[in-house]
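Architecture at a glance
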Amino acid sequence: MSNDSSIDELDTSGVQEVSLDGGESSQSESIEELTKGGLAKIINATKASMTLPSGASRDLYTAQPSFIRVVNQESDKILDILGKILKHQSVRGNIKRRDDDEKTDLVLECNDTMLERINSNLDEMSGLKKAPEVVLVQADAVVNSKEKKRSLLSGKNAQEAKLLTAKNILRPQVNFKVPVDNRNSTPFEPRIKYKPNSLKPLAILAEYGEDGSIESYLHPYEVELNKFEVPEDQLKKVVPKKPKNLEETPLVFVENAEKLEEVVEELGKCKEIAVDLEHHSYRSFQGFTCLMQMSTREKDYIIDTLALREDLHVLNEIFTRPSIVKVFHGADCDIEWLQKDLSLYIVNMFDTHQAARKLNFARASLAYLLKHFCQFEADKTFQLADWRIRPLPQELIAYARQDTHSLLYIYDMLRNELLKKANFQTNWLKSVYQQSTEICKKRYIKMRLTSDSHMNLYMRSKKNFDNRQLYAFREIYHWRDALAREEDESCGYVLPNHMLFHIAELLPREMQGILACCNPVPPHVRQHLLHLHKIVLKAREQPLEKVIVTEEAPRLAPGSAININSFLYCPHDLRQVAERDNLPTLLAGNLQKTTHGKSLKKAHPQVTVFARQIPKKSLPKVAFVSPYQRYRAVIPIAEEERRKAQQIEEAIKQKRRLCPESSEILPKIHHEVKTEPEQIPKKRKPEATTNEQKGKIPRVETQREKSESTSGASQSPGSNKLSRNQKKKQKKMQNEKKLAEFDYTSVDFRKFQGGSKANEKPGRQEFASKFRSRGQKAKNADKRLNKIFR
C-alpha cells in the first residue's frame, strides 16, 4: 500500500504545485523553491515506481486478484491525468487507445512542448528575452508610368505607392475572445445579442435548403430597412460647410471601453457621420477589420477595432438610428465587414459612390471627388499598408483621417447637385438613398468549398489540362483550402494561384521539383511537402485521358486570336472590369499598346500620299454592264414570249369560234403549239374539187388512225374471238380515240349558223359557185376562199 500512497502523492502534489505555464504556484515564494520542491517530488515518485515488483515476483503478485484490481485502478487514474495534460498542451491523440511505445512518444512530445514554454517564460521573466519589437519595413511598389509622367509634366513630384509592413507582428486572431469560425459545414451566424432602434424584436431566423440543412440566416434589421423613409430635412438644399484643416481638427484615438462610451454619447448628438474601414485579408482566411475612421463636422475619430472587437456592438445605438445619416463611399464591402467582425448594422446610409454614378461623373472614386469638390490631391502612397501594425505609425494615422475628413462636405455638394439635376425635385436624391438602403440589406456569406469550386479558378485561366493535371489541380486546391481554414491563413499565403497552376501542369516526379515550382517557397508548402508529393505521384498514376470541359461561356485558348465578328465580343463593355483612374487613351502620344497588348500603330500605313504607289499585278478585266443595258437586252426576249402567247390565245379563240358545239370535249391546247401568222396554207390536191362539188370537204386521215388500220389489217379475218388483254387494249384505244384532237375537215359548214340571218355570211360552196360563175380560175378561187375562211 506504500506504493499506492506514493502514486497518490505524485498525482495530487504534481497537479497542485507545478504550474503548466512555468509560473510560480501559490505555495512557492520563488523559482528556486519551486524547482527544489518539484525535483524532490519527482525523485520520490521515481523511487516509488522502482519498488514495484518485477520479474518472477511480479508474476507471483499477479496471481492475486486484489493486486491486479489495485494496479488497474491506479493505471487508469494516471492515464486520465496524462490525457488532460496532453489536451491542455494541444497534443493530439488519445493515450488510452495507444500501445506502450506510442504512449511513450506522446509523453515525450508533451514534455518537449512544456519545457520549451517554461524556458521561454523563465528567460522573459529574468530579462534575458524581451518581447519582439515591431520593425517597420517600407518598399516602393510599381507605379503607373502614365501617372508619373503626368505629374512630372505638371511640375509636381510623383506619388509612389509604398508597401508598408512590419516584422514580428503578432497575429491578432490569437487574442480574439471569440475564435474565428472557418468551418466549411456551417454558415455565418449573426452574433448580435441586443437590437436597439428596433421595430421588430430580435430574432435570428435560419433559412433551410432542400436537404434540410441551414444555408444562411436572415438580416436582423431587414424589417427596419424595408420601412425606412428618408427624413425631410435630408431632402432639402443645404449650404455646404467646408471642413477645417487637419491640423486644426481635433483627433480622438479610441482604444479602450471607457473612451468608447464617451464617443457614443458625442455621436448621438450629431445628424451626419462619415464612416470608413480598413481591412486586412492576407494573413487571415476570411479577413478582419483593423481600423474604423469616423468624422463629424468638428472632430475626427479613429477606433482600434482589434482591441475593441467584442465591445463595438454598442455603436448599433448610433448606426441603426434612422435620424442620423451615415455617409460611406463604396460601402458594398464595408457593410459585410461590419456584420462579420463587429456585429454592426446600418440604417439610413448615403453612399457617395452611388451618387457620383447617378450624376455620370467621369470617375466615381474618392480621390476624384476630393479633387473635384475640395481641390485636394489624395495621398495614396500607403494604400498597401499592413493595418495590423500596433502601435500605428503617424503616417498611417494621417492617411486614415483623410478618407473621412472631407466626406461630409462632399455629401452636401452631391445632395445639391442631385437636386439641381432633377430641377429641384427629390426623385434623384431619393433614388440614391434607395440604392444605399439596398446595399445595407446585404448579408455576409461565408466562402463554401464544393466539389467543383476549383473549376471557377480553372475556367478563368488559359490552361488546357488533361485528366492527370486536372486531378492534381483539384486535390491541391482542396488541400490548400482545408489548410487555410485550419491555420486561419489566406489561400494566397498558403499557395499562390500561379504556383498551384505550375505544379499541376508540370507534375514533378521528385520533391525538389515541387520546390522548384515555387519561388519563393511558401512556409506551408515546405512543411507539407511530403503530402503534396503524394498527391502529385497519385495524379501521375491516373490513366491518361483527354478531358473536354463543358463551359457556359467561351474560353479563349492560348495563342488564338480574338474573333471580333463574334456577338459575344464586346470590347467597350466595362461593367465587369474594376474601376480605374488611369485608363489608356488614344490621345497619349507615348501610348503604344492597349489593355490587350496589341499595338495601336501600324508598321506601314495602308494609304499614303507621300510614297510612290507600287503598281499592282494586272487583273483580268471584267466588262461592266449597266442595269439599263441589261433591260434593253431583255426586251426582245420578252417580246418574243409575248407574241407566242398571243398566237396561242388567238388559235384557241378561232377553234372555239369555228366549232362551238364541240368546245366541251376539246382538250386543253398545249402551250407549245406554234401558229405562225406568215404561214401560207398548203395547196389543195386537184381531186378536192370533186368533193367540193358534192358539198363535203375531204377528211385527212390522222397518224393514229393509220396505225390502227395497219394493226387491224394484220389480224387474221377468221379470228372473231379476242383475248382478255386484247379487249382491254381495244377499249383503251377507243377511249383515246374519243379524246383525240378534233378534225375540222369533217365539219359541214353549211349547217353552221351564227348571229342573225340578215348578217349571215354565205358558205364556202356559195362563194365558190360565185367565183366560178364570174370565170375565176380554180387556183385563184381557192386562194380567195382560204383567205376568207382562215
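Placed above this text is the structure.
Residues numbered from 1 in each chain as written. Predicted model: local features only at pLDDT ≥ 70, side-chain atom pairs only at ≥ 80, totals over all residues. Heavy atoms only, no water.

Turning our attention to the side chain of Lys326. Relative to the helices and strands, Lys326 resides in strand 9 (residues 325–328). Despite its burial, Lys326 pairs with no opposite charge, the nearest such side chain being Glu317 at 11 Å. Here Ile318 takes part through its backbone oxygen, which lies 3.4 Å from a polar atom of the side chain of Lys326. Apart from the residues lying within four places of it in its own chain, the contact partners of Lys326 are Ile273, Val275, Ile318, Phe319, Thr320, Arg321, Ile346, Val347, Asn348, Met349 and Phe350. (Helix = DSSP H or I, 4+ residues; strand = E, 2+ residues; numbered from the N terminus. Buried < 20%, exposed > 50% of the residue type's maximum accessible area, 1.4 Å probe, protein only. Lys, Arg positive; Asp, Glu negative; His and termini not counted. Salt bridge = Lys/Arg side-chain N within 4 Å of Asp/Glu carboxyl O. Polar contact = N/O pair within 3.5 Å; in protein donor to acceptor, adjacent residues only side chain to side chain. Contact = heavy atoms within 4.5 Å.)

Contact geometry for helix 17 (residues 467–487) and helix 22 (residues 529–540): axes closest at 8 Å, N-to-C directions at 155°. Comparing their axes, helix 22 and helix 17 come out roughly antiparallel. By crossing handedness, the relation of helix 17 to helix 22 is classed as right-handed. Here helix 17 contributes Arg468, Tyr471, Ala472, Glu475, Ile476 and Trp479 to the contact with helix 22, which in turn contributes His531, Leu532, Ile535, Lys538, Ala539 and Arg540. Residue composition of the contact of helix 17 with helix 22, by class: 7 nonpolar, 1 polar and 4 charged. (Axes fitted to C-alpha atoms, helices over the stretch in contact; angles between N-to-C directions. Parallel < 35°, antiparallel > 145°, perpendicular 65-115°, else oblique. Left-handed = near helix turned anticlockwise from the far one by under 90°. Nonpolar A, V, L, I, M, F, W, Y, C, P; charged D, E, K, R; others polar.)

A few words on the packing of aromatic side chains. In total, this model carries 17 aromatic pairs according to the counting rule given. On the basis of an interplanar angle of 65° and a centroid distance of 5.3 Å, the ring pair of Phe350 and Tyr433 is categorised as edge-to-face. A residue pair is termed long-range when its members are at least 10 positions apart, and Phe350 in strand 10 (residues 349–351) and Tyr433 in helix 15 (residues 427–440) qualify at 83 residues. Cluster of aromatic residues (ring-pair linked, three or more members): Tyr458, Phe465, Phe473, Tyr477 and Phe501. Over the ring of Phe176 we find Arg309, and its NZ or CZ is 4.1 Å from the ring centre. Across the ring face of Trp428, the terminal group of Lys358 is positioned such that the distance to the ring centre comes to 5.3 Å. (Phe/Tyr/Trp six-rings, centres within 6.5 Å; stacked < 30°, edge-to-face > 60°. Lys NZ or Arg CZ within 6 Å of the ring centre and 35° of its normal.)

Here we take up unusual backbone geometry. The linkage connecting Arg390 with the following residue, Pro391, adopts the cis geometry, with an omega of 0°. Residue position: Pro391 is located in the loop between helix 12 (366–374) and helix 13 (394–405). A positive phi angle, close to 60°, is found at Asn360, a residue other than glycine. Examined against the element boundaries, Asn360 turns out to sit in the loop between helix 11 (352–358) and helix 12.

These figures come from the coordinates and say nothing about function on their own.
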